[in-house]
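# Breakdown of the fold
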Amino acid sequence: MSKNITPYKDSTLSKKEQVAKMFDTISGNYDNLNRVISFGIDVKWRKKVLQIVKKSNPSTILDIATGTGDLAILMAETNAEKIIGLDISAGMLEVGKEKIATKGLSNIIEMVLADSENIPFEDNFFDAITVAFGVRNFEHLEKGLHEILRVLKPNGIFVILETSIPEKTPYKQGYNFYSKNILPLIGKLFSKDNVAYGYLSESAAQFPYGEALNNILIKIGFIDVTATPQTFGVATIYSASKK
């Protein structure tokens, strides 16, 4: 990233602490607000991530920045024996635990309060690792990716779903207007945290995407790296593996 974007400009907290605080604050409205902001398309994107992971028939899955557990819950369709949802926001995890219990998946999915830059699992532990709309919140991107590579098994699958910026006219102009003007406005109207959705918009604009993120993944040591733009390029699904 060209600069370190944080939610609260005048805060003395680290980015990690600020992100945890922000998501704790918006956790109650997060799911509904996400559906509104993305027009429900984020559900379709997550299902594409599921299909990629499903092909590898994983037994163990780690969903980093799991939030309220949407992707972790979806991963239950892979028939994995164990799914770990990891996040630094206790508030988001509590919402996720309720959803998981309601769906009868508490024996398969475990929600863990932990830091993506210090993952509390052994080397070569997971068959598959996913991150949906979370890597741009890492305080140190490369450190977080190194940790992911460490706990991923050789030949395991790593899939990222993240926002990106359309490069073709008129989608690029439309996206810029929506993300800078409409998204923060919706966030302020429906969220207790006035800065949260402004941060999410700004961090998305600054985050490396497409070939730039591919190159970072390759630098870290991932192999078979691909990037597939979604919905005119407003999001991208990245897939990688480990030697």
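Residues numbered from 1 in each chain as written. Predicted model: local features only at pLDDT ≥ 70, side-chain atom pairs only at ≥ 80, totals over all residues. Heavy atoms only, no water.

### Some words on the overall build of the protein chain
- From N to C terminus, the protein chain includes nine helices and seven strands.
- The C-alpha radius of gyration computed for the protein chain amounts to 17 Å, which stays within 12% of the reference 18 Å derived for 243 residues, consistent with globular compactness.
- Expressed as lengths along the three principal axes of its C-alpha atoms, the size of the protein chain is roughly 45 × 40 × 35 Å.
- A buried classification covers 54% of the 243 residues belonging to the protein chain.
- Summarising the internal contacts of the protein chain: among those between residues at least 6 apart in sequence, 72% fall at separations of at least 24.
- With the model as given, the accessible surface of the protein chain reaches about 11200 Å², and the carbon-plus-sulfur share is 53%.
- In the protein chain, the 28 positive side-chain charges and the 27 negative ones have mean positions that sit 6 Å from each other. (Helix = DSSP H or I, 4+ residues; strand = E, 2+ residues; numbered from the N terminus. Rg over C-alpha atoms; globule rule 2.2 N^0.38 Å. Buried < 20%, exposed > 50% of the residue type's maximum accessible area, 1.4 Å probe, protein only. Contact = heavy atoms within 4.5 Å. Areas by Shrake-Rupley, 256 points an atom, 1.4 Å probe, with all protein chains shown as cover. Lys, Arg positive; Asp, Glu negative; His and termini not counted. Charge placed at Lys NZ, Arg CZ, Asp CG, Glu CD.)

### Notes on the side chain of Thr163
- Assignment of secondary structure puts Thr163 in strand 5 (residues 152-163).
- Judged by relative accessible area, Thr163 falls into the buried class, the value being 16%.
- In terms of polar contacts, Thr163 uses its side chain to reach the side chain of Arg136, at 3.2 Å.
- Of the polar contacts made by the side chain of Thr163, one reaches the side chain of Glu162; its length is 3.2 Å.
- In this structure Thr163 touches Phe133, Arg136, Ala204, Val234 and Ala235, once residues within four positions along its chain are discounted. (Polar contact = N/O pair within 3.5 Å; in protein donor to acceptor, adjacent residues only side chain to side chain.)

### Some details on the environment of Glu122
- Relative to the elements of secondary structure, Glu122 occurs in the loop between strand 3 (109-113) and strand 4 (126-132).
- By relative accessible area, which is 60% here, Glu122 ends up exposed.
- Setting aside chain neighbours within four positions, we find Glu122 in contact with Arg150 and Val151.

### Some thoughts on the nonpolar core
- Among the nonpolar cores identified, the biggest contains 30 residues, and Leu62, Ile129, Leu145, Ile148, Phe158, Leu217 and Phe222 are the most heavily contacted of them.
- Of all the elements in the fold, those that place two or more residues in this core are strand 1 (60-64), strand 2 (82-87), strand 4, helix 6 (141-151), strand 5, helix 9 (211-220) and strand 7 (235-241).
- Looking at this core, the element that brings in the most residues is helix 6, giving five residues.
- Leaving out residues up to four positions away in the same chain, Phe158 has contacts with Ile129, Val131, Leu145, Ile148, Leu152, Leu217, Phe222, Tyr238, Ser239 and Ala240.
- Counting residues in hydrophobic clusters, the runner-up holds 26 residues, among them Val49, Ile73, Met75 and Ala80. (Core = buried A, V, L, I, M, F, W, Y, C linked by side-chain atoms within 4.5 Å.)

### Re the sheet that holds strand 6 (residues 223-230)
- Pairing within the open sheet is mixed, and its seven strands lie in the order 3-2-1-4-5-7-6. In the strand order of this sheet, the two ends are held by strand 3 and strand 6, each with one partner. Recorded for the sheet is a direction-independent mean angle of 15° between the axes of neighbouring strands.
- Here strand 2 pairs with strand 3 via five bridges, running parallel. Looking at strand 3, one finds that Gly85 is bridged to Met111.
- Contacts from helix 9 reach strand 5, strand 6 and strand 7, with the element oriented near 160° to strand 6. (Pairing = 2+ DSSP bridges. Axes fitted to C-alpha atoms, helices over the stretch in contact; angles between N-to-C directions.)

Purely geometric stuff here, so don't read any function into it on its own.
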